[in-house]
Amino acid sequence: MEKQTTQEQLYDVWVNKVYDYLTAVGPKIDRCTSVLQSKPVLDNNLGVVFLGFGPTGDVNYVHVDKKRFYYGSPFFLTDKNEWRVWTKLYEAFDQIKYLNPLTEGNYQFMNATYFCAENTAKLKDELKLLEIDIRYEDVQKQCLEFTSELIHHILKPKCIVCFSVKDCYNPLKAQFKFDKEEVLTPTNKDKKPNKHIINKALWGKIPVYGMTHPSAAISNEDWDGIVRVFKKEMEQLGI
């Protein structure tokens, strides 16, 4: 049997902790879970973690499949070219001929929180009605702690891109306190400012960016400005 690396050993420990948490809490709140979309990159050379806030949809609890922590979502593996969140991002990077951040083995696509919800406000209200001692705020906090541990102590990417400032970047900032925050303003081909700004900060030692969710209505011209900013930033990080 091939000997595990330290990174792989740490990942196994993390998976077991998260699995135990999801299987304990999931049935109580009757919510399906989703953590990783793409399979983990555990070779100490990860470029980007693309981070969505959480899985959407009103889906009841389904037994957690531990294999997904090692192989990713089968739906992402087979159908990602039909996912608006992924295809819009890919097409924009492809237009400027800079696909390094979206090349397999150079990115990790995952959720920051792990329980399905059509929206967090609805899930908060539902949990208040259940006769259990579990608040949404506690669930969110624990999931974000797990995500932070995975990113900073195991994956150690060169940067993080949050899909949505309001729903992903801001909750992380509120819990972990980012440093050196600034706003990057993409420009269009006529040098006019793009309406879709990019937030940038340091989360520990890792640059973290917050962008408009890729599935939103973003014009091709605005996409061009967005990905050119990311190209400049990521090339400086060696991605």
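First things first, this report covers the structure right here in the doc. (Residues numbered from 1 in each chain as written. Predicted model: local features only at pLDDT ≥ 70, side-chain atom pairs only at ≥ 80, totals over all residues. Heavy atoms only, no water.)

## Examining the pattern of salt bridges
Selection criterion: Put simply, a salt bridge is a Lys or Arg side-chain nitrogen that is within 4 Å of an Asp or Glu carboxyl oxygen. Starting at the N terminus, helices and strands are each numbered in turn, a helix being any DSSP run of H or I of at least four residues and a strand any DSSP run of E of at least two. When accessible area is computed with a 1.4 Å probe and restricted to protein chains, residues below 20% of their type maximum are described as buried, those above 50% as exposed, and intermediate ones as partly exposed.
Considering all chains together, one arrives at 11 salt bridges under this definition. Across the salt bridge formed by Lys17 and Glu149, the nearest N and O atoms sit 2.9 Å from each other. Placement of Lys17 in helix α1 (residues 6-29) and of Glu149 in helix α6 (residues 136-155) is noted, with a sequence separation of 132 residues between them. The exposure class of Lys17 is partly exposed, given its relative accessible area of 36%. Since its relative accessible area comes to 24%, Glu149 is described here as partly exposed. One salt bridge in this structure joins Lys122 and Asp58, with 2.7 Å as the shortest N-O distance. Separated by 64 residues along the polypeptide, Lys122 in helix α5 (residues 120-129) and Asp58 in the loop between β1 (48-52) and α2 (68-71) bring together distant segments of the chain. Through salt bridges that share partners, Arg31, Asp58, Lys122 and Glu126 make up one connected network.

## Description of the packing of α6 against helix α7 (residues 165-176)
Put simply, the rule reads: Only C-alpha atoms enter the line fits that serve as axes; for helices the fit covers just the stretch in contact. Angles between N-to-C directions range over 0 to 180 degrees. Angle categories are assigned with fixed cut-offs, so that under 35 degrees is roughly parallel, over 145 is roughly antiparallel, 65 to 115 is roughly perpendicular, and the rest are oblique. Contacts: residue pairs with any heavy atoms within 4.5 Å of one another. Three categories are distinguished: nonpolar for Ala, Val, Leu, Ile, Met, Phe, Trp, Tyr, Cys and Pro, charged for Asp, Glu, Lys and Arg, and polar for the others, with Gly belonging to the last.
Relative orientation of the contacting elements α6 and α7 amounts to 85°, with a least axis distance of 11 Å. When the axis of α6 is compared with that of α7, the two are roughly perpendicular. Where α6 approaches α7, its residues Gln140, Lys141, Leu144, Glu145 and Ser148 are matched on the opposing element by Pro171, Leu172, Gln175 and Phe176. Classifying every residue of the contact of α6 with α7 gives four nonpolar, three polar and two charged.

## Observations regarding the nonpolar core
Basically, it comes down to this: In this description, a nonpolar core means a group of buried Ala, Val, Leu, Ile, Met, Phe, Trp, Tyr and Cys residues linked to one another through side-chain atoms lying within 4.5 Å.
Within the largest apolar cluster, 47 residues are counted, with the highest numbers of intra-cluster contacts made by Trp14 and Leu51. Looking at this core, the elements that each hand over two or more residues are α1, β1, α5, α6, β3 (159-163), α7, β5 (198-203) and β6 (206-211). Contacts of Trp14, omitting those with residues within four sequence positions, involve Val35, Phe69, Tyr114, Phe146, Glu149, Leu150 and Ile154. With 28 residues, the next largest nonpolar core counts Phe50, Tyr98, Met234 and Ile239 among its residues.

## Structural notes on the sheet that holds β6
The strands that make up a sheet are held in pairs by hydrogen bonds between backbone atoms, and each pair lies either parallel or antiparallel. For clarity, the cut-off: Two strands make a pair as long as DSSP finds a minimum of two bridges between them.
Here six strands make up an open sheet; going across it, the order is β2-β1-β3-β6-β5-β4 and the pairing mixed. At either end of the open sheet lies a strand with only one pairing partner, and these are β2 (107-111) and β4 (179-184). Here the average twist between neighbouring strands, direction ignored, is 20°. With five bridges joining them, β1 and β3 adopt parallel strand pairing. Bridged to Phe50 within β3 is Val161. Packed on one face of the sheet, α7 meets β1, β3, β4, β5 and β6 and runs near 25° to β5.

## Some points on the layout of surface pockets
Short version of the rule: Here a cavity denotes a set of grid points, spaced 1 Å apart and computed over the protein atoms alone, in which a 1.4 Å probe fits but from which it cannot get out, and a pocket denotes an open set meeting protein on both sides within 12 Å along at least five of seven lines; residues with an atom within 4 Å of a point are reported as lining. Grid points are joined across faces, edges and corners, and a volume is the space filled by probe spheres set on the points.
Volume-wise, the largest pocket comes out at about 840 Å³. Surrounding the largest pocket, 34 residues form its lining, Phe53, Gly54, Pro55, Thr56 and Asn111 being those nearest its centre. The residue makeup of the lining of the largest pocket, split by class, is 15 nonpolar, 14 polar and five charged. Considered as a void within the structure, the second largest pocket measures approximately 270 Å³ in volume. Elements with a minimum of two residues in the lining of the second largest pocket: α3 (74-79) and α4 (84-95).

## Brief notes about the side chain of Asn199
Topologically, Asn199 is positioned in strand β5. For Asn199, a relative accessible area of 11% gives the class buried. In contact with Asn199, not counting residues within four places along its chain, are Val165, Tyr169, Glu181, Glu182, Val183, Val208, Tyr209 and Gly210.

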